[in-house]
Amino acid sequence: MHDVVIRNGLVATGSGPIRCDVAVAGGRIVALGENIPDGERVIDATGLLVLPGGVDSHCHIEEQAPDGSRSEESFITASTTAFAGGTTTVVSFIPQWKGHGVWERFVDYRARAATGMLDHAFHQIITDPTEAVMEQEVPRIVAEGVRSLKVFLTYDPLHLTDAQYIRVLETARKLGCLVTVHCENYEAIQWRTQRLLAAGRTAPQYHAWSRPPVVEREATQRAIALAELVDQPIQVFHVSCEEAAAEIAAAKARGLKVWGETCPQYVTLTAADMARPDGALFMCSPPPRGGDEHAKIWEMIRRGTLDVITSDHCAFSTAAKTGQDFSTIPNGIPGLAARLPLIFSEGVSKGRISLEQFCALVATNPAKLMGLYPRKGVIAPGSDADIVLWDRKKQVCLTNTMMQHAVDNTPYEGMEVTGWPVATLRRGEVVMQDGVVLAQPGSGQYLARSAYDLVLPRGVTADGFGA
Ligand code: URP
Ligand code: ZN
Ligand code: ZN
């Protein structure tokens with residue numbers, strides 16, 4: 001007897017949409033087919049799409065800075081907002097503070113995340129790649145299933161020098177990890193920021209002026225060039241503009257293992273939003289650009305230059321975001337719940353991408369890039385039964401209450417979307433029904449990742465040295 005049978009829906013399988021039943025047993029999908037016998041629970045999905053649960057491979061949850069500030073979402077509230085929006089798996093960040101190691105933080109974040117309901121994996125942020133950290137501690141956390149290292153080329157006190165970045169690439173290559181990179185030029189932003197503040201331009205809108213596209217393009221080009229030098233696969237995070245995406249397209253054309261990520265904010269928000277009285281609530285880095293950038297980002301998505309769409313969820317309350325000059329306002333916006341509705345609405349409902357492309361961008365590709373596929377990111381026999389029942393016609397005006405996150409704001413307040421999740425199943429359990437989250441705290445699983453081929457180096461280095 002199956003635990004759950006979902007009937008009468010249009011199922012987005014890895015090989016396209018098929019009208020069939022989905023049978024679930026022991027938390028996994030065991031069959032797709034017609035006239036599957038009833039299970040203990042039968043879910044009627046008439047008129048609905050049956051989609052893979054969202055995989056959000058870029059979420060800042062309970063992330064603490066050395067100054068004690070932290071993104072305000074806990075692993076419990078992050079689970080609630082994720083399930084509300086149809087996401088079932090996240091890859092979150094473990095911080096490293098300068099002068100500290102990574103093992104202790106790994107143990108700490110394993111315990112923190114275990115309180116939540118989401119299935120989860122981790123990126124390890126590297127801000128201080130000392131020999132001890134890279135030779136002793138990083139191998140230890142890789143053995144425990146962390147397979148991606150995150151580096152920042154900007155932000156005080158997180159940014160790495162080129163030499164430090166190369167050191168991280170070298171270690172990642174040796175251990176079989178992906179390196180994910182925040183690409184903006186630190187020195188250039190410092191220079192622009194000082195000049196803007198000196199000129200009295202302190203309001204949130206000048207955040208965008210402090211880091212124009214050229215700053216992102218330069219760092220993207222450099223990140224790729226150094227990854228090519230070391231022969232290490234990388235993913236460029238949160239691409240906001242065509243100029244940076246063009247560097248990724250050129251790298252792909254040269255056969256490099258370089259992948260690009262973008263986020264809903266770069267196809268829905270603009271720099272002008274930061275000029276509003278509540279402009280700080282739209283501040284993230286890279287910043288949203290001019291409105292004409294949206295069409296260019298969609299084109300880069302359609303061409304496959306940008307492989308995944310994540311939320312870069314990083315929630316701060318309005319109080320934490322106000323009363324300072326732009327250079328001290330914390331960067332980041334919440335988006336875990338809004339990601340799927342926004343991308344479905346702007347993408348599928350408006351005819352910019354197909355349903356298959358949507359599933360690839362928000363679930364399958366992030367799972368593949370993170371070494372979680374085929375357990376996650378696809379509706380197929382053997383995969384975890386992470387499923388969203390989706391009403392493609394439902395029109396919703398987004399409000400902060402619907403987001404069900406920890407903070408009092410969403411930059412997407414008042415936006416109209418067509419397409420909405422009506423139920424979310426995590427490993428076969430209904431964890432959200434009609435907006436009500438039902439999962440028990442502590443029911444999320446840690447996803448220890450093992451070695452995966454996608455992030456193997458190409459074996460191509462200058463003069464064959466180091467290959
Ligand atoms: O503004 C952003 N993106 N905040 C989160 C941290 C990061 O840069 O990813
Ligand atoms: Zn970043
Ligand atoms: Zn981020």
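So, a few notes on the structure that sits alongside this text. Note that the coordinates shown come from a computational prediction; the quantities given were computed from them, not determined experimentally.

### Here's the deal with the site of ligand 1
Next up, step 1: His60, Tyr155, His182, Ser285 and Asp312 are the nearest of the 13 residues found near ligand 1.
Next up, step 2: One of the side-chain N or O atoms of histidine 182 is found 2.9 Å from an oxygen atom in ligand 1.
Next up, step 3: Glycine 332 places a polar main-chain atom, nitrogen or oxygen, 3.3 Å from an oxygen atom of ligand 1.
Next up, step 4: If you map ligand 1 onto the pockets, it falls in the largest pocket.
Next up, step 5: Residues belonging to the shell around ligand 1 are distributed by class as follows: four nonpolar, seven polar and two charged.

### Here's the deal with the coordination of the zinc ion (ligand 3)
Next up, step 1: Around the zinc ion (ligand 3), the donor atoms from the protein are His58 (NE2), His60 (NE2) and Asp312 (OD), and they sit 2.0 to 2.1 Å away.
Next up, step 2: If you look at the zinc ion (ligand 3), its four donor atoms make angles of 87 to 130 degrees with each other, and the shape they trace is tetrahedral.
Next up, step 3: The metal-metal distance between the zinc ion (ligand 3) and the zinc ion (ligand 2) is 3.8 Å. Placement of the pair is histidine 60 in the loop between β6 (54-59) and α1 (75-84) and aspartate 312 in the loop between β13 (306-309) and α11 (318-321), with a sequence separation of 252 residues.
Next up, step 4: Overall, histidine 60 belongs to the buried group, its relative accessible area being 7%.

### A short note on the environment of glycine 290
Next up, step 1: By the element assignment, glycine 290 lies in the loop between α9 (265-268) and α10 (293-302).
Next up, step 2: Glycine 290 gets classed as partly exposed once you look at its relative accessible area, which sits at 36%.
Next up, step 3: Each C-alpha atom of the pair glycine 290 and glutamate 184 lies 18 Å from the other, and the pair is 106 residues apart in sequence.

### Quick look at the sheet that holds strand β8 (residues 119-125)
Next up, step 1: If you walk across this open sheet you meet the eight strands as β6-β7-β8-β9-β10-β11-β12-β13, and the pairing is parallel. Each end of this open sheet is capped by a strand with a single partner; those strands are β6 and β13. For this sheet the average axis-to-axis angle between neighbouring strands, irrespective of direction, equals 30 degrees.
Next up, step 2: Pairing of β8 with strand β9 (residues 148-152) involves two bridges; the strand directions are parallel.

Thresholds, definitions, all that
- Residues numbered from 1 in each chain as written.
- Chains lettered and ligands numbered in written order.
- Predicted model: local features only at pLDDT ≥ 70, side-chain atom pairs only at ≥ 80, totals over all residues.
- Heavy atoms only, no water.
- Near = heavy atom within 4 Å.
- Polar contact = N/O pair within 3.5 Å; in protein donor to acceptor, adjacent residues only side chain to side chain.
- 1 Å grid on protein atoms, 1.4 Å probe; cavity = no way out; pocket = protein on both sides within 12 Å on 5 of 7 lines; lining within 4 Å.
- Sits in = over half its atoms within 2 Å of the grid points.
- Nonpolar A, V, L, I, M, F, W, Y, C, P; charged D, E, K, R; others polar.
- Donors = N, O, S within 2.8 Å, 3.2 Å for Na, K, Ca; no water.
- Tetrahedral: all angles 85-135°; square planar, octahedral: opposite > 155°, others 65-115°.
- Helix = DSSP H or I, 4+ residues; strand = E, 2+ residues; numbered from the N terminus.
- Buried < 20%, exposed > 50% of the residue type's maximum accessible area, 1.4 Å probe, protein only.
- Pairing = 2+ DSSP bridges.
- Axes fitted to C-alpha atoms, helices over the stretch in contact; angles between N-to-C directions.

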